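Coordinate inspection notes
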Amino acid sequence: MSYRELARAVHPAFFPIGFLARLPYAMTPLGTLLLLQHATGSYAFAGAAAAAQSLAIGAGGVIVGRLADRTSIRQLGVYLAVANAVALAGLLAATFADRPTLLAAAVLVGATQPQVGPLIRVHWSHVTRSRPEKATLITTALSYEAAADEASFIAGPAVVGFLAATWAPVPAGAPLTACIVLLLAAAAPVALLYTAAPERAPSRSMPAPLPRAGLAAMCAAMAIMGAIFGAVQVGVTAHATAANNPSAAGTLYAALGVGSAIAGIAYAWIPSRVALGTRYRLFALGLLVAMILLPAGGTRLPLAAVVLIAGIAIAPYMITIYAMTEQLAPTRVATAMTIVCAAGPVGTAAGQSLAGLLVEQSGHWAPLMLPPVLAAAALVLAMTIRTMSADRSSFPGDADTT
């Protein structure tokens, strides 16, 4: 299905507002780091608070998912956008308080994240399940969402860097102030455009249980991907700093998003006859091949080039994870999707921490040795799921197509 048909399936404002709505998610971590470092003068405290915020995003995502299957995602999206705006205002105000208060405020910001990306994916699932003629729309939608996510992670840090140089009443407060504006002007309005869940016949039975084995596998796959993001982020920063050009770190990391966005757009044209199980294993293999190139960056090959290639392998892998998750629990798709998405920030926090230790112990080149190991684990997981896919209730197998 083409992107033209995707655009016809929703309100014309959905795409521009939806993109602006996800920018706070990309801007808040770096904005928080800058704000807290300026407020306390400590990179260690700012980094620890940012990591705690990432963990809070993951925990909050699980709660949001459970709520989304029990209530309207429209109302939930609006409430969360407003709550997150209030929490960000509280974090700005807390810069005049002590460190425990700052830490608590940063965690509250993470816990109230509107989860725009996961809820939009739930919206697309509702669109396709409520309109049988749009059944093949989900692959195109997930492809677009992957590209939009990556584009937001290119634009978001760039906006933070620009705004951080401007004046604000609170030092380094401009980026988070902009997040508050975006939450109220974009994240809340776009939630009103979400499609409600398809009506189901009333039943006295309990909701279908989540397939724990399949969900755990998808969470593990997403956590591995998050850890790769964290390791690459630290790795390119360490390389840029070692080269006495720390400002280049943002550009280098943006190359990862560029490659992923391109591949995400192209994913929609993969023939539907290629089953999800086959895609998952192929893209896990492609991820390993791409990550093996990373340690050569900056030595035998230009670092920007290998990061760009690595990015091309990321989006197809992640889109397939989302597609498999969408099929795992059709009646509880919001819970499943947000739980899996929540594993990403947790993996990122772990990847950043481990990569940071590697820099201190082995030098600036060491973090880029971590992604190939993580990608190998992703491939092992994909092959393990293949051996278990006879259980169709737990895993979307090779018979499934998108």
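Here the structure is shown first, and the text comes after it.
Report on the accompanying structure. Here the structure is a predicted model, which is why all the values come from computation and not from measurement.

Next up on the list: the overall build of the protein chain. From N to C terminus, the protein chain includes 14 helices and zero strands. Seen in sequence order, the protein chain has helices and strands lined up from the N terminus as α-α-α-α-α-α-α-α-α-α-α-α-α-α. Counting across all 402 residues of the protein chain, residues that qualify as buried make up 55%. Here the analysis covers contacts within the protein chain between residues at least 6 apart in sequence; of these, 83% occur between residues at least 24 apart. Roughly 16,700 Å² of accessible area belongs to the protein chain as shown, and the carbon and sulfur atoms make up 68% of that amount.

We now examine the nonpolar core. Ranked by size, the top nonpolar core spans 124 residues in total, and within it W124, Y280, L287 and Y317 carry the most contacts. Top element by residues in this core is helix α9 (residues 212–242). It accounts for 16 residues. Non-local contacts of Y280, meaning those with residues more than four positions away in its chain, are made with M218, A221, Y317, T320, I321, M324, L381, A382 and I385.

This brings us to the environment of F283. Structurally, F283 is set in helix α11 (residues 276–292). A relative accessible area of 21% places F283 in the partly exposed class. Residues F283 and A378, 95 residues apart in the sequence, show an inter-C-alpha distance of 9.8 Å. Sequence-distant contacts of F283, defined by excluding residues within four places in its chain, comprise Y267, I270, P316, Y317 and T320.

Residue position: H239 is located in helix α9. For H239, the contacting residues outside a window of four places in its chain are G297, L303, H364, W365 and L368.

Taking 1.5 Å per residue as the helical rise, α9 with its 31 residues ought to reach 45 Å, and the 44 Å between its terminal C-alpha atoms agrees with that figure. Within α9, 22 of the 31 residues are buried, leaving the element largely enclosed by the surrounding structure. Two residues or fewer past α9, N244 is found with a positive phi of approximately 60°.

With that out of the way, let us pick up unusual backbone geometry. The phi torsion of most residues other than glycine is negative, and most of the peptide bonds are trans. Positive phi, normally seen in glycine, also occurs at Q115, with a value near 55°. Note on placement: Q115 falls in the loop between α5 (99–111) and α6 (116–130). Overall, the relative accessible area of 5% leaves Q115 in the buried class.

So, about a nonpolar patch on the surface. A contiguous nonpolar surface patch, about 310 Å² in accessible area, is contributed by V258, I262, L308 and I312. Elements that contribute at least two residues to the nonpolar patch include exactly α10 (248–267) and α12 (303–328). Among the secondary structure elements, V258 is positioned in helix α10.

Turning our attention to the packing of aromatic side chains. In total, this model carries six aromatic pairs according to the counting rule given. Residues F14 and F15 carry aromatic rings whose centres are separated by 6.0 Å and whose planes lie at 90° to one another, so their mutual orientation is edge-to-face. Residue classification places F14 among the buried positions, given a relative accessible area of 2%. When its relative accessible area of 16% is taken as the criterion, F15 is described as buried. Measuring from ring centre to ring centre gives 5.7 Å for F14 and W124, while their planes differ by 80°; the resulting arrangement is edge-to-face. One end of the pair, F14, is in helix α2 (residues 14–40); the other, W124, is in helix α6, with 110 residues separating them in the sequence. Judged on exposure class, the residue F14 and its partner W124 are both buried. Within the aromatic cluster, the residues linked to one another by ring pairs are F14, F15, W124 and Y144. Positioned over the ring face of F45 is R99, at 5.2 Å from the centre of the ring.

On inspection of all chains with the given rule, the structure shows zero disulfides. Of all cysteine sulfurs in the structure, the one in C341 sits closest to C219, which takes part in no disulfide; the separation is 9.3 Å.

Calculation criteria
Residues numbered from 1 in each chain as written. Predicted model: local features only at pLDDT ≥ 70, side-chain atom pairs only at ≥ 80, totals over all residues. Heavy atoms only, no water. Helix = DSSP H or I, 4+ residues; strand = E, 2+ residues; numbered from the N terminus. Buried < 20%, exposed > 50% of the residue type's maximum accessible area, 1.4 Å probe, protein only. Contact = heavy atoms within 4.5 Å. Areas by Shrake-Rupley, 256 points an atom, 1.4 Å probe, with all protein chains shown as cover. Core = buried A, V, L, I, M, F, W, Y, C linked by side-chain atoms within 4.5 Å. Expected span 1.5 Å × (residues − 1). Patch = residues over 30% accessible without salt bridge, like charges linked within 9 Å, V, L, I, M, F, W, Y side chains within 5 Å. Salt bridge = Lys/Arg side-chain N within 4 Å of Asp/Glu carboxyl O. Phe/Tyr/Trp six-rings, centres within 6.5 Å; stacked < 30°, edge-to-face > 60°. Lys NZ or Arg CZ within 6 Å of the ring centre and 35° of its normal. Disulfide = S-S within 2.5 Å.

Keep in mind these numbers describe shape, not what the thing actually does.
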